[in-house]
Every structure is written in C-alpha cells, then in structure tokens.
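One-letter residues, chain by chain:
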Amino acid sequence: MVEWDTETIWSITEAGEQTMELWDIYDKNKVRTGRTMERNHFNLADDEYHLTVLGVLKRPDGRFLITKRVMTKKWAPGWWEVSGGGVQAGEESEDAVKREILEETGIDVSTAEGGYAFSYRRDNPGEGDNYFVDIYCYEMDIKEEDVHLQEEETAGYMFATAEEIAEFAKQGIFLHYDSIKQVFE
C-alpha cells in the first residue's frame, strides 16, 4: 500500500512501518554512488543523477498503448505518455519498468518479447534534477480487457499509431516524445 502527500512518497511495509521511498544517486557514468535521495526531492549536485524508466508497449498490429495523465498531476496534466517512473533504491532498471507498467496499466510484460531499447542522459545544471532514462519496448498482443488503469495516475488510454503519437507531440501534449521518438519507428 502506498500513501501520497505533496512532497514525499511514503510506503507502508507489511509490518505496518512507514518508510520513505528512496532513489539511488548515480554518477555521470550511470554507476550507483552508494548514496540515496528522497523521491522527488531534487537537490542533486551537477555531477549526480537519478534513474527513470519508460516502458513502451507495442501490439503486433503496430499500435502502442499510451495513457493520459490525470488532471491533478503537478506537471503536464492531461498529456499523453507511456508508462514509467523512478527506479527505487536497490531496484534494477528492468525490474522498475516492469513494475511501473504493471502498476499503471495492469499489464504484466514479464513474458513479452523485447526489452531494453536505449538510454539517454539529461543534465540540468544548477537545478538539482539530472537524470538518466532507460527506455524499454515490449511487444505483446494486448486487448482492451487486459488494460486496468491506475486511476490515481491515468485518466484514460488508447492504442495509438505512431502517426497519432507524432500528432500529439506536434500539439505539445506527449511527454518525452523528442527523446524517445525512435522507439515508435
């Protein structure tokens, strides 16, 4: 079970203890430093990074599962996106993307074809928010009844063509498009 507040993510362990979600801090070579940061508390030095993942789900018919962000999101409410989020401390990138996809869409990609596609790094000097993003692409035959959205995060979904996704990007309402568009080709 997860409880949300405006700044920090708190998790409740099976023993009923409250713990703060932590992310590993990485160096510029994407190597863990052994230190952690609180989720969404962006106070990294210019040579420190956190790790995020994005998971693209593609059907055999060439359509991609995309979701619409709820309007209560602090950043980019109502925009379209693919599943993803922060990698928790001690978690491997691929485990994180599988967890994020399952949490957000109800789709288990553990037996899907595909996997890691590529990574990119974003430097934001002086802002405390430098990060790496690992992008994964999985292909599987997903049907409407397979999708079970996490209502706190998503306000809808669609199976979109690459052209429809590009059009959302032209409208400025598709997250990360310029950084990940090659995965839709």
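The rules behind these values
Residues numbered from 1 in each chain as written. Predicted model: local features only at pLDDT ≥ 70, side-chain atom pairs only at ≥ 80, totals over all residues. Heavy atoms only, no water. Helix = DSSP H or I, 4+ residues; strand = E, 2+ residues; numbered from the N terminus. Buried < 20%, exposed > 50% of the residue type's maximum accessible area, 1.4 Å probe, protein only. Contact = heavy atoms within 4.5 Å. Areas by Shrake-Rupley, 256 points an atom, 1.4 Å probe, with all protein chains shown as cover. Salt bridge = Lys/Arg side-chain N within 4 Å of Asp/Glu carboxyl O. Phe/Tyr/Trp six-rings, centres within 6.5 Å; stacked < 30°, edge-to-face > 60°. Lys NZ or Arg CZ within 6 Å of the ring centre and 35° of its normal. Core = buried A, V, L, I, M, F, W, Y, C linked by side-chain atoms within 4.5 Å. Expected span 1.5 Å × (residues − 1).

A short note on the overall build of the protein
Within the protein one finds three helices and 12 strands. In the protein, which comprises 185 residues, the proportion classed as buried is 44%. Nonlocal contacts in the protein, meaning residues at least 24 apart in sequence, comprise 61% of its contacts between residues at least 6 apart. Carbon and sulfur atoms provide 47% of the accessible area of the protein, an area that totals close to 10,000 Å².

With respect to the pattern of salt bridges
Tallied over the entire structure, the rule returns 15 salt bridges. Here R35 ties to E48 by a salt bridge, and the two come within 2.2 Å at their closest N and O atoms. You can see R35 sitting in strand β5 (residues 32-38) and its partner E48 sitting in the loop between β5 and β6 (50-58), a full 13 residues away along the chain. R35 gets classed as partly exposed once you look at its relative accessible area, which sits at 42%. Classification of E48 as buried rests on a relative accessible area of 11%. R121 is the partner of D123 in a salt bridge, and the nearest nitrogen-oxygen pair spans 3.0 Å.

Focus on the packing of aromatic side chains
Centre-to-centre distance and the angle between the planes together describe a pair of aromatic rings. According to the stated counting rule, one finds 11 aromatic pairs in the structure shown. Taking 6.1 Å as the distance between ring centres and 45° as the angle between the ring planes, the aromatic pair formed by W23 and F42 counts as tilted. Taken together, the positions of W23 in strand β4 (residues 22-26) and F42 in the loop between β5 and β6 put the pair 19 residues apart, joining distant regions of the chain. Judged by its relative accessible area of 34%, F42 is partly exposed. Here F174 and F184 contribute two aromatic rings whose centre-to-centre distance is 6.0 Å and whose plane-to-plane angle is 85°, an arrangement assigned as edge-to-face. Here F184 lies in the segment after α3 (177-180) and F174 lies in the loop between α2 (162-170) and α3, a separation of 10 residues in the sequence. Per residue, the accessibility class of F174 equals that of F184, and both read buried. Ring pairs connect the aromatic residues F64, F174, Y177 and F184, which therefore count as one cluster. Above the face of the F159 ring, R59 is positioned so that its terminal group lies 4.0 Å from the ring centre.

A few points about the nonpolar core
What tends to happen in soluble globular proteins is that the nonpolar side chains get buried as a cluster. Counting residues in hydrophobic clusters, the biggest one holds 20 residues, and the most contacted among them are I135, F174, I180 and F184. Among the secondary structure elements, those contributing two or more residues to this core are β6, β7 (64-69), β10 (113-122), β11 (131-139), α2 and α3. Not counting residues up to four positions away in its chain, the partners in contact with I135 are L54, V56, G115, Y116, A117, F118, S119, Y120, I180 and V183. Core analysis: the next-biggest nonpolar cluster, separate from the first, contains 19 residues, Y49, Y136, Y138 and I142 among them.

Some remarks on unusual backbone geometry
Note: most residues except glycine have negative phi, and most peptide bonds are trans. Even without a glycine there, the phi angle at K30 is positive, about 65°. By the secondary structure assignment, K30 is in the loop between β4 and β5. Notably, A76 is not glycine yet its phi reads approximately 60°, a positive angle. On the secondary structure map, A76 appears in the loop between β7 and β8 (80-81).

With respect to helix α1 (residues 93-105)
The terminal C-alpha atoms of α1 lie 18 Å apart, and with 13 residues this matches the ideal 18 Å at 1.5 Å per residue to within 8%. Residues of α1 that are buried: S93, A96, V97, R99, E100, I101, E104 and T105. Looking at the packing, one finds that the buried side of α1 touches β6, β7, β9 (83-86), β11 and β12 (154-160). Once α1 ends, the next one or two residues include G106, with phi positive near 80°.

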